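Notes for the structure review
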Amino acid sequence: MDEDQEEDLARAEVIVVPQVGLTRLAAHMCLDIFDFARHRRKLNMGERLPEPVPDRTTTVASTPVRAPDRITLGESVNTAPAAVLESLTPAARVAFVLRDMFAVSSGEIAAIVGRTPQMCRQRASVAWRHVRDRGRRETASDAHTRIVTAFRAACDTGDLTALVSLLDPEATALSDGGGKVRAALNPIHGAERTARFMLGVLWQHPALEATLQSVNGKTGLVLRHDTAVSGVVSFHVQDEKITDVWLVLNPDKLRGWNRS
């Protein structure tokens, strides 16, 4: 079969099964976006974190959740799985979403991302294990709230020792300024360095007020200057210790907070 016949066959498939064509188009668009984001990071734009979402459980609880919405709602329920997905390669992310959220076959995914079906299955499985393991090890919501509340209190008083005691020894802090707001370009590793980093952010901006608020379904901190939100902090808590601190300062990702 020559190239012209292959193209005619592909067009016929898209016409007969429009969902196939739309899925491929959306996947290729996502790959382009992911590749562009990785290129921006190489240009010292720093880390890229999932967009923080204000709590909206009251508006969605009474309506059935369709398969495409599971991705969006999943991010709004927990930042951790979304952060795991951000760490994957573009091909692995597309393979995971298409297979586990939309039940697309490995053969179809392979044609989209330019990998073998076996490789697509493997990458999607690895991604799912990371997402699943994050959820299994997560601290219960009430303990999460208690620990984040103590974290805020320690930040208010500048108590470095108390902050370090709340953090896992190998805790990591990531900040996302989107190239528009000053932020750490590289991850901050270690309990004491993470604690000093957070205190430094607040000390450099003494007018900021940190309030407890639901962020992606979990208690987090919202940083306000007067009434404008200039930062949102979310946490991953495991075995009653904070293992991850995610600080979003990118104004483009805070529009939803400031519109409300």
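As a starting point, this report considers the structure included with it. Being a predicted model, the structure only gives us computed values, none of them experimental.

1. Section: the overall build of the protein
Along the backbone of the protein there are 12 helices and 6 strands. Expressed as a percentage of the 260 residues in the protein, the buried residues total 41%. By sequence separation, contacts in the protein at least 24 residues apart represent 62% of the contacts at least 6 residues apart. Accessible surface, the protein: about 14,500 Å² in total, of which carbon and sulfur atoms supply 54%.

2. Considering the environment of Leu 160
Within the secondary structure, Leu 160 sits in helix α10 (residues 160-166). Non-local contacts of Leu 160, meaning those with residues more than four positions away in its chain, are made with Glu 192, Ala 195, Arg 196 and Leu 199.

3. Re the pattern of salt bridges
Inspection of every chain in the model, using the stated rule, returns 6 salt bridges. The partner of Lys 253 in a salt bridge is Asp 176, and the shortest N-O contact between them spans 2.6 Å. One end of the pair, Lys 253, is in the loop between β6 (241-248) and α12 (255-259); the other, Asp 176, is in strand β1 (residues 167-176), with 77 residues separating them in the sequence. Considered together, Lys 253 and Asp 176 belong to a single accessibility category, that of buried residues. Salt bridges sharing common partners tie together Lys 180, Asp 252 and Arg 255.

4. Examining the sheet that holds strand β5 (residues 228-238)
In spatial order, the strands read β2-β1-β6-β5-β4-β3; together these 6 strands make up an open sheet with mixed pairing. On the outer flanks of this sheet lie β2 (188-189) and β3 (209-215), each paired with one strand and no other. Relative to strand β4 (residues 218-225), helix α9 (residues 141-157) is tilted by about 30°, and along the sheet it contacts β1, β3, β4, β5 and β6. The sheet contacts of helix α11 (residues 191-204) involve β1, β2, β4, β5 and β6, and relative to β1 the element is tilted by about 40°.

5. So, helix α6 (residues 90-102)
In a regular helix each residue adds 1.5 Å, so 13 residues correspond to 18 Å; α6 covers 17 Å between its end C-alpha atoms and thus fits that length. By the burial criterion, the buried members of α6 are Pro 90, Ala 91, Ala 92, Arg 93, Val 94, Ala 95, Phe 96, Leu 98 and Met 101. Once α6 ends, the next one or two residues include Ala 103, with phi positive near 55°.

6. Looking at the packing of aromatic side chains
Centre distance and the angle of the planes are the two values used to describe a pair of aromatic rings. On inspection of all chains with the given rule, the structure shows 1 aromatic pair. With centroids separated by 5.0 Å and ring planes inclined at 65°, the aromatic side chains of Phe 151 and Phe 235 adopt a geometry described as edge-to-face. Here Phe 151, found in helix α9, pairs with Phe 235, found in strand β5; they are 84 residues apart in sequence, far enough to count as distant. Looking at Phe 151, the relative accessible area reads 0%, which means it is buried.

What counts, and at which threshold
- Residues numbered from 1 in each chain as written.
- Predicted model: local features only at pLDDT ≥ 70, side-chain atom pairs only at ≥ 80, totals over all residues.
- Heavy atoms only, no water.
- Helix = DSSP H or I, 4+ residues; strand = E, 2+ residues; numbered from the N terminus.
- Buried < 20%, exposed > 50% of the residue type's maximum accessible area, 1.4 Å probe, protein only.
- Contact = heavy atoms within 4.5 Å.
- Areas by Shrake-Rupley, 256 points an atom, 1.4 Å probe, with all protein chains shown as cover.
- Salt bridge = Lys/Arg side-chain N within 4 Å of Asp/Glu carboxyl O.
- Pairing = 2+ DSSP bridges.
- Axes fitted to C-alpha atoms, helices over the stretch in contact; angles between N-to-C directions.
- Expected span 1.5 Å × (residues − 1).
- Phe/Tyr/Trp six-rings, centres within 6.5 Å; stacked < 30°, edge-to-face > 60°.

Remember that the coordinates give geometry; whether it matters functionally is a separate question.
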